[in-house]
Amino acid sequence: VALPISTKLILLDSLLQEIIMKPLMMHGHERSITQIKYNKEGDLLFSSAKDHHPNVWYSLNGERLGTFDGHCGAVWALDPKWDTSHLVTGAADNSVRLWDIQTGKELSVIDTKSAVRTVNFSYSGNMVCYTTDKQMGYPCEINVVDARTFNAEEPVFKVAIPTAGPKVTSMIWSGLDDLLITGHDNGDLVQWDVKTQKKLKLTSDHSKTITDIQTNKDGSMFVTSSKDNTSMLFDSDNIECMKKYVTERPVNSASISPLFDHVVLGGGQDAMDVTTTSTRIGKFEARFFHLVFEEEFGRVKGHFGPINSVQFHPDGKGYASGGEDGYVRVHQFDEAYFDFKFDF
């Protein structure tokens, strides 16, 4: 049966769209991805995993540029400096390491008493904050050191969370170099003043562990993700909850689009529950919500396990996700995404 011309075009169009939205699948890790991060320009993508080797990739074609070898434990967090000169990583081998991105050489190491859970460069790149786990009788600590000396003996900021207190599970810099925001395993969000080492504000909008915090492009807002099946949008100054994105399963990561009023959420059941509950393969979706209307408008399937980390590309024209399956997937949005307009 001869189809009318228009249908052929539509079919052709949909075929093209499928080809365009085909992700780059990068398999450089042997174990589950813990965090992925673009550099400021978005030409490089950094990934850390529970194997001991953080990777750096060309985000355009998915080619691996290199690995940073030196850790001997799961790498929980990483952060490239704004000028892509240095990378800082934190791992379960009780160390924070500073790397030269260009050569892959380890420049410096700080040994800690317990596993390093989060690590981030400040806005200027002159300071590094890292937090350690409550383990082996040592308390959870928040530390800030000067990135140029990288010496833990002279911290800029050091606070220990009381043994009974909630441990830090996520952390970002805020207010340029002046504030820290920490997310805790009981759902608390705390704003710290780096200079005075005081707690400024505390909110308990989430009821379970805060798994990830990411700011928007200008740092005026940030989005959290939590095991209480929600993600929330906060004002960076007064840490007031402004929006809430609700799903049916734990959210491991969330990111704000620099281009549109969109938020992407990645999650799934806990890794240990997956085998007992999952039937359909590759059903772990990244979900897209409207930032303002809190409404879900799209999903992208693909990972074979929960998504542990998502981030929009700095140009907003794509996003990357890292999963429990050890794959990093880089998606370029198709035309349909850019044409999509919310009715209001």
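Residues numbered from 1 in each chain as written. Predicted model: local features only at pLDDT ≥ 70, side-chain atom pairs only at ≥ 80, totals over all residues. Heavy atoms only, no water.

1. Some remarks on the overall build of the protein
And step 1. Within the protein one finds three helices and 28 strands.
And step 2. The C-alpha radius of gyration computed for the protein amounts to 20 Å, which stays within 12% of the reference 20 Å derived for 344 residues, consistent with globular compactness.
And step 3. Its C-alpha atoms put the protein at 80 × 40 × 40 Å along the principal axes.
And step 4. Counting every position in the protein, which comprises 344 residues, the buried fraction comes to 53%.
And step 5. Counting only contacts in the protein whose residues sit at least 6 apart along the sequence, the fraction spanning at least 24 positions is 43%. (Helix = DSSP H or I, 4+ residues; strand = E, 2+ residues; numbered from the N terminus. Rg over C-alpha atoms; globule rule 2.2 N^0.38 Å. Buried < 20%, exposed > 50% of the residue type's maximum accessible area, 1.4 Å probe, protein only. Contact = heavy atoms within 4.5 Å.)

2. Some thoughts on the sheet that holds strand E24 (residues 284–290)
And step 1. Pairing in this open sheet of four strands is antiparallel, and the strands run E22-E23-E24-E25 from one edge to the other. Looking along the sheet, the strands with just one partner apiece sit at the ends: strand E22 (251–256) and strand E25 (296–303). Strand-to-strand twist across the sheet, computed as the mean angle between neighbouring axes with direction ignored, equals 20°.
And step 2. Bridge count for E22 against strand E23 (residues 262–267) is five bridges, and the pairing is antiparallel. (Pairing = 2+ DSSP bridges. Axes fitted to C-alpha atoms, helices over the stretch in contact; angles between N-to-C directions.)

3. Comments concerning the pattern of salt bridges
And step 1. Overall, the coordinates contain 13 salt bridges when judged by the stated rule.
And step 2. For Glu106, the salt bridge identified is with Arg97, shortest N-O distance 2.9 Å.
And step 3. The exposure class assigned to Arg97 is buried, which follows from its relative accessible area of 11%.
And step 4. In this structure, Glu296 engages Arg299 in a salt bridge whose closest nitrogen and oxygen atoms are separated by 2.6 Å.
And step 5. Judged by its relative accessible area of 43%, Arg299 is partly exposed.
And step 6. A single salt-bridge network, built from bridges that share partners, covers Glu248, Glu285, Arg287, Glu296 and Arg299. (Salt bridge = Lys/Arg side-chain N within 4 Å of Asp/Glu carboxyl O.)

4. Points about the pairing of strand E2 (residues 33–38)
And step 1. For E2, the buried fraction is high: six of the six residues fall into the buried class.
And step 2. Pairing geometry for E2 and strand E3 (residues 44–49), over five bridges, is antiparallel. Along E3, the bridge assignment pairs Lys37 with Phe46.

5. What about the sheet that holds strand E13 (residues 157–160)?
And step 1. With antiparallel pairing, the four strands of this open sheet are ordered in space as E10-E11-E12-E13. This sheet does not close on itself; its edge strands, each paired only once, are strand E10 (116–121) and E13. Strand after strand, the sheet turns through a mean of 15° between neighbouring axes, direction not considered.
And step 2. Two elements, strand E11 (residues 127–132) and strand E12 (residues 141–146), share six bridges in a ladder whose sense is antiparallel. Paired with Tyr130 across the bridge in E12 is Asn143.

6. What about the pairing of strand E17 (residues 198–203)?
And step 1. Judged from the five bridges that link them, strand E16 (residues 189–193) and E17 form a sheet pairing that is antiparallel. Looking at E17, one finds that Trp192 is bridged to Lys199.
And step 2. Hairpin connection of E16 to E17: four residues between the antiparallel strands, including Gln197 at a positive phi of 60°.

7. Structural notes on the nonpolar core
And step 1. Among the nonpolar cores identified, the biggest contains 15 residues, and Cys129, Ile142, Val144, Phe157, Trp173, Leu180 and Trp192 are the most heavily contacted of them.
And step 2. Taken together, the elements giving at least two residues each to this core come down to E11, E12, E13, strand E14 (168–174) and E16.
And step 3. The element contributing the most residues to this core is E14, with three residues.
And step 4. The residues touching Trp173, leaving out its near neighbours within four places in the chain, are Asn120, Phe121, Ser122, Met127, Val128, Cys129, Val144, Leu179, Leu180, Val194 and Thr215. (Core = buried A, V, L, I, M, F, W, Y, C linked by side-chain atoms within 4.5 Å.)

8. So, the confidence of the model for the protein
And step 1. On average, the protein scores 89 in pLDDT, and the residues at 70 or more come to 90%.
And step 2. Of the regions scoring below 50 in pLDDT, residues 3–12 engages in two contacts with residues more than four places distant in sequence or in other chains. (pLDDT = per-residue confidence, 0-100.)

9. Remarks on a nonpolar patch on the surface
And step 1. Taken together, the side chains of Val292, Phe293 and Phe344 define a hydrophobic patch exposed on the protein surface, amounting to about 340 Å² of accessible area.
And step 2. In this structure, Val292 sits in the loop between E24 and E25.
And step 3. Residue class for Val292 comes out partly exposed when judged on its relative accessible area of 34%. (Patch = residues over 30% accessible without salt bridge, like charges linked within 9 Å, V, L, I, M, F, W, Y side chains within 5 Å. Areas by Shrake-Rupley, 256 points an atom, 1.4 Å probe, with all protein chains shown as cover.)

10. Brief notes about the side chain of Arg287
And step 1. Tracing the backbone through its elements, the reader meets Arg287 in strand E24.
And step 2. Looking at Arg287, the relative accessible area reads 4%, which means it is buried.
And step 3. Contacts of Arg287, omitting those with residues within four sequence positions, involve Thr247, Glu248, Val263, Val264, Leu265, Glu296, Gly298 and Arg299.

11. What about the packing of aromatic side chains?
Each aromatic ring pair is summarised here by two numbers: the centre-to-centre distance and the angle between the ring planes.
And step 1. Using the criterion set out here, one finds 21 aromatic pairs in the structure.
And step 2. A centroid spacing of 6.1 Å and a plane angle of 55° characterise the contact between Phe260 and Phe338, whose relative ring orientation is tilted. Within this pair, whereas Phe260 is found in the loop between E22 and E23, its partner Phe338 is found in helix H3 (residues 335–339), the two being separated by 78 residues in sequence.
And step 3. Under the relative-accessibility criterion, Phe260 is labelled partly exposed at 26%.
And step 4. On the basis of relative accessible area, Phe338 is assigned to the partly exposed category, the value being 21%.
And step 5. A centroid spacing of 5.7 Å and a plane angle of 85° characterise the contact between Phe340 and Phe342, whose relative ring orientation is edge-to-face.
And step 6. Given a relative accessible area of 31%, Phe340 falls into the partly exposed group.
And step 7. Here the aromatic cluster, defined as three or more aromatic residues joined through ring pairs, consists of Phe260, Phe288, Phe293, Phe297, Phe312, Tyr319, Phe333, Tyr337, Phe338, Phe340, Phe342 and Phe344.
And step 8. Above the ring of Trp57, the side-chain terminus of Arg64 is found at 5.9 Å from the ring centroid.
And step 9. Lying across the ring of Trp76, Arg117 places its NZ or CZ 4.1 Å from the centre. (Phe/Tyr/Trp six-rings, centres within 6.5 Å; stacked < 30°, edge-to-face > 60°. Lys NZ or Arg CZ within 6 Å of the ring centre and 35° of its normal.)

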